[in-house]
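Inside the fold
These are the residues of each chain, in order.
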Amino acid sequence: MKTILSNIDYVVSVILFTIGLYGLVFKHNVFKKLLALNILETSVYLSYIALGDVRLGKITTSWAKSPYLKDAIAAWTGKEIMVNPIPTGLILTAIVVCVCITAFSLSLVVKLYQYFGTLDTRKITALKG
Amino acid sequence: MRKILMFLMFFIFLLLTIVVVLQLPPVGDPHVPSYAGYLPPDVPVEEITKQSNAVGLYYNRGAIKNCGSPSAITAMILDYRGYDTLYETTVIFLAMIAALSVLVGKRKKEEDTETWIGVTRYTIVGTVIKKIVPFMVMYGLYVIFHGEVSPGGGFQGGVILGASFVLYALIFSYEEGEKKMPSDTLRIVNALGPFMYALVGLIGIVTGYTFLANKVIKTIPHGIEGTLFSSLPLLLIELGIGFGVGSIITHIFYGYVTERPLDTQK
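By convention here, each chain's residues receive numbers from 1 onward along its written sequence. Both sets of labels track the order of writing: A upward for chains, 1 upward for ligands. Local features in this predicted model are restricted to residues whose pLDDT is 70 or higher, and side-chain atom pairs enter the listing and the counts only when it is 80 or higher, whereas totals over whole chains, interfaces and linings include all residues. To get the side-chain values, take all heavy atoms of the structure and skip hydrogens and water.

1. Remarks on the overall build of chain B
A count of helical and extended segments in chain B gives 11 helices and 0 strands. Scanning chain B from its N terminus toward the C terminus, one meets helices and strands in the order α-α-α-α-α-α-α-α-α-α-α. Exposure categories follow from relative accessible area, calculated using a 1.4 Å probe and restricted to protein chains: below 20% of the type maximum is buried, above 50% is exposed, and the middle band is partly exposed. Across the 266 residues in chain B, those meeting the buried criterion constitute 45%. Only heavy atoms matter for contacts: two residues are in contact if any of them lie within 4.5 Å across the pair. Intrachain contacts of chain B at a sequence separation of at least 6 include 66% that bridge at least 24 residues. To be clear on the numbers: accessible area is Shrake-Rupley with a 1.4 Å probe, and residue cover counts the displayed protein chains and nothing else. Of the roughly 14,200 Å² of accessible surface on chain B, 70% is carried by carbon and sulfur atoms. The secondary structure listing takes helices from DSSP runs of H or I that are at least 4 residues long and strands from runs of E that are at least 2 residues long, numbered from the N terminus.

Rendered as structure tokens:
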């Protein structure tokens, strides 16, 4: 139980990943598949941020001007520790790529609905064959 | 039966991954390898590079000294990993072009504001949105300008800017939003992100250094901790990315709302 509580970020990330994978496999609506893909990507963000995090670690080097309570606590307790900036920076790239994928896929979904009149993958494949 | 079996498979997958994840060191433990490390005030760079997590430590130590930005994350994505973010802005620009090239339908002229899906006829919503949108724009500009001082930056502030225009066009009609923020203007501002980034990178070449050598620009005081204009090149890049991303978000929204089936457009 103690390990679950200390690793709760990873556990929640894994649960989100499974939910996203379930939606990708089981849902027949293309739009719902897209939402499931977004949930899956959120789980990846969460696991990466949790990897680089440090308890009471600072985010910026100038804690006096920082709006974050975390920085103020870290400076107050005298712990000069900082979170790893690399996972956070990588996840910024991942978020932008996710936005791009979602924007382009939604335009394709709109076109799909216009041509087939439905978003059900079973009906779309039936129309094709 | 088959569905139950598949559901069971997902459940077993979940249990297995949870068991694996519990083997990891606890979140926030300072002894994990990905921890960026204790930050002693005067440790030479040679000592830092000996450690296993040298890169994160180096970014944290050199954020002020090399880039003039107190926020280590901004310094990392805009200066140390500048090429990454340059092509990231190019990717979001290309995604907008791809989405708008797929959405070719045109909203008809006779569809006036009466048929809009929004809630124009509710007075309270319209009044509140009219009051709240200027503050949203101001907050977006705040996040963009403070990107290199505090957490935040061009992408986040740009999305807030774009969301304010999207909200205005969603509540009032598309035509009203087009009056406030015309798509002709958006078409020019769209490319500002990659363009500004490449322009700031070219200054490094002109002054005799390499591409994207940001620290050579020393026209204003550089590297003062906690001040707003501590790093001019990073601020220029943030401004370009912020306005570019905001206009891209708004333009993609315009593309969606003007989309109509091909057979109905004349």
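Having seen the model, we can carry on.
2. What about the nonpolar core?
Among the nonpolar cores identified, the biggest contains 25 residues, and Leu 78, Ile 92, Phe 155, Tyr 197, Ile 237 and Ile 241 of chain B are the most heavily contacted of them. Elements with a minimum of two residues in this core: helix 5 (85-116) of chain A together with helix 3 (54-67), helix 4 (72-80), helix 5 (82-102), helix 10 (192-206) and helix 11 (232-257) of chain B. The element best represented in this core is helix 11 of chain B, accounting for 6 residues. Setting aside anything within four residues of it in sequence, one finds Ile 241 of chain B in contact with Leu 78, Thr 85, Thr 89, Gly 154, Phe 155, Gly 193 and Tyr 197 of chain B. Buried Ala, Val, Leu, Ile, Met, Phe, Trp, Tyr and Cys residues form a nonpolar core when they are joined through side-chain atoms within 4.5 Å.

3. Quick notes on the interface of chain A and chain B
Frequently, the measure chosen for interface size is the accessible area removed from exposure when the parts meet. Counting residues at the interface gives 52 residues for chain A, matched by 56 residues for chain B. Summing both sides of the interface, chain A and chain B together bury roughly 4,900 Å²; the carbon and sulfur share of this comes to 73%. Salt bridges, as used here, are contacts in which a Lys or Arg side-chain nitrogen is within 4 Å of a carboxyl oxygen on Asp or Glu. The tally of links between chain A and chain B comes to 1 salt bridge. The partner of Glu 259 of chain B in a salt bridge is Lys 111 of chain A, and the shortest N-O contact between them spans 2.9 Å. We call two N or O atoms a polar contact when they sit within 3.5 Å, provided that within protein one can donate a hydrogen and the other can accept it, with sequence-adjacent residues counted only if both atoms are side-chain atoms. The interface formed by chain A and chain B includes 9 residue pairs in polar contact (both at pLDDT 80 or more). Of all the elements in the fold, those that place two or more residues in the side of chain A that touches chain B are helix 1 (2-6), helix 2 (8-26), helix 3 (30-52) and helix 5 of chain A. Simply put, the buried area is the total loss of 1.4 Å probe accessible area from both parts when two parts are fitted together.

4. Focus on the packing of aromatic side chains
Aromatic ring pairs are reported here in terms of the distance separating the ring centres and the angle at which the planes meet. The aromatic pairing rule takes the rings of Phe, Tyr and Trp, using the six-membered ring of Trp, and pairs them if the centres are within 6.5 Å, calling planes under 30 degrees apart stacked, those over 60 edge-to-face and the rest tilted. Here the structure, examined in full by the defined rule, presents 11 aromatic pairs over all chains. Look at Phe 26 of chain A and Phe 10 of chain B: their rings are 5.8 Å apart centre to centre, the planes differ by 50 degrees, and that puts the pair in the tilted class. Of this pair, Phe 26 of chain A sits in helix 2 while Phe 10 of chain B sits in helix 1 (residues 2-21), placing the two residues on different chains. Classification of Phe 26 of chain A as buried rests on a relative accessible area of 15%. Judged by centre distance (6.1 Å) and plane angle (20 degrees), the ring pair of Tyr 139 of chain B and Tyr 142 of chain B falls under stacked.

5. Here's the deal with helix 3 of chain B
Residues and elements named next belong to chain B. When the terminal C-alpha atoms of helix 3 are compared, their 18 Å separation across 14 residues agrees well with the 20 Å that a helix rising 1.5 Å per residue should span. At Arg 61, helix 3 shows its maximal kink, close to 45 degrees. Within helix 3, 10 of the 14 residues are buried, which leaves the element mostly enclosed by the surrounding structure. Those residues of helix 3 that fall on the buried side of the exposure criterion are Ala 54, Gly 56, Leu 57, Tyr 59, Asn 60, Arg 61, Gly 62, Ala 63, Asn 66 and Cys 67. One or two steps after helix 3, the chain reaches Gly 68, where phi turns positive at roughly 75 degrees. By this rule the span expected of a helix is its residue count minus one, scaled by 1.5 Å. The bend reported for a residue corresponds to the angle between axes fitted to the seven residues ending at that residue and the seven starting there.

6. Quick word on a nonpolar patch on the surface
All names here are of chain B. Only residues whose relative accessible area exceeds 30% and that form no salt bridge are eligible for patches; like-charged ones are grouped when within 9 Å, while nonpolar side chains (Val, Leu, Ile, Met, Phe, Trp, Tyr) are grouped when within 5 Å. A contiguous nonpolar patch, built from Phe 195, Leu 199, Leu 202 and Ile 205 and spanning about 380 Å² of accessible area, is present on the exposed surface. Mapped onto the elements of the fold, Ile 205 is located in helix 10. The exposure class assigned to Ile 205 is partly exposed, which follows from its relative accessible area of 46%.

7. Let's talk about the packing of helix 7 (residues 154-171) of chain B against helix 11 of chain B
All names here are of chain B. The angle between two axes is taken between their N-to-C directions and runs from 0 to 180 degrees, where each axis is a line fitted to C-alpha atoms and a helix contributes only its stretch in contact. Where helix 7 contacts helix 11, the axes come no closer than 7 Å and their chain directions differ by 30 degrees. Considering the relative orientation of helix 7 and helix 11, their crossing is right-handed. Residues Gly 154, Phe 155, Gly 158, Val 159, Leu 161, Gly 162, Phe 165, Val 166, Ala 169 and Leu 170 of helix 7 form the contact with helix 11, whose participating residues are Glu 238, Ile 241, Gly 242, Phe 243, Val 245, Gly 246, Ile 249, Thr 250, Phe 253 and Tyr 254. Side-chain classes are defined by residue name, with Ala, Val, Leu, Ile, Met, Phe, Trp, Tyr, Cys and Pro counting as nonpolar, Asp, Glu, Lys and Arg as charged, and the others, Gly among them, as polar. Here the residues of the contact of helix 7 with helix 11 are counted per class, giving 13 nonpolar, 6 polar and 1 charged. If you view the pair so one helix is near and one far, a crossing is left-handed when the near helix is turned anticlockwise from the far one by less than a right angle, and right-handed when it is turned clockwise.

8. A few points about the pattern of salt bridges
All names here are of chain B. Per the stated rule, a full pass over the model turns up 5 salt bridges over all chains. Residues Glu 176 and Lys 179 are paired through a salt bridge, measuring 3.4 Å at the closest nitrogen-oxygen approach. On the criterion of helical spacing, the pair formed by Glu 176 and Lys 179 is a turn pair, its members being 3 residues apart in helix 8 (residues 174-180). The exposure class of Glu 176 is partly exposed, given its relative accessible area of 29%.

9. Quick look at the side chain of Thr 258 of chain B
Residue and element names in this part refer to chain B. Inspection of the secondary structure puts Thr 258 in the segment after helix 11. Side-chain polar atoms of Thr 258 contact the backbone oxygen of Tyr 254, separated by 2.7 Å. A distance of 3.3 Å separates a polar atom in the side chain of Thr 258 from the backbone oxygen of Gly 255.

10. Focus: helix 4 of chain B
Burial runs high along helix 4 of chain B: 8 of the 9 residues are buried. Of the residues making up helix 4 of chain B, those classed as buried are Ala 72, Ile 73, Thr 74, Ala 75, Met 76, Ile 77, Leu 78 and Asp 79 of chain B. Residues of helix 4 of chain B that are buried sit in contact with helix 5 of chain A together with helix 3, helix 5, helix 10 and helix 11 of chain B.

11. A look at the state of the cysteines
In this description, the term disulfide denotes a pair of cysteine sulfurs within 2.5 Å. For the coordinates displayed, the defined rule picks out 0 disulfides over all chains. Of the cysteine sulfurs around Cys 98 of chain A, a residue in no disulfide, the closest is that of Cys 100 of chain A, at 9.0 Å.

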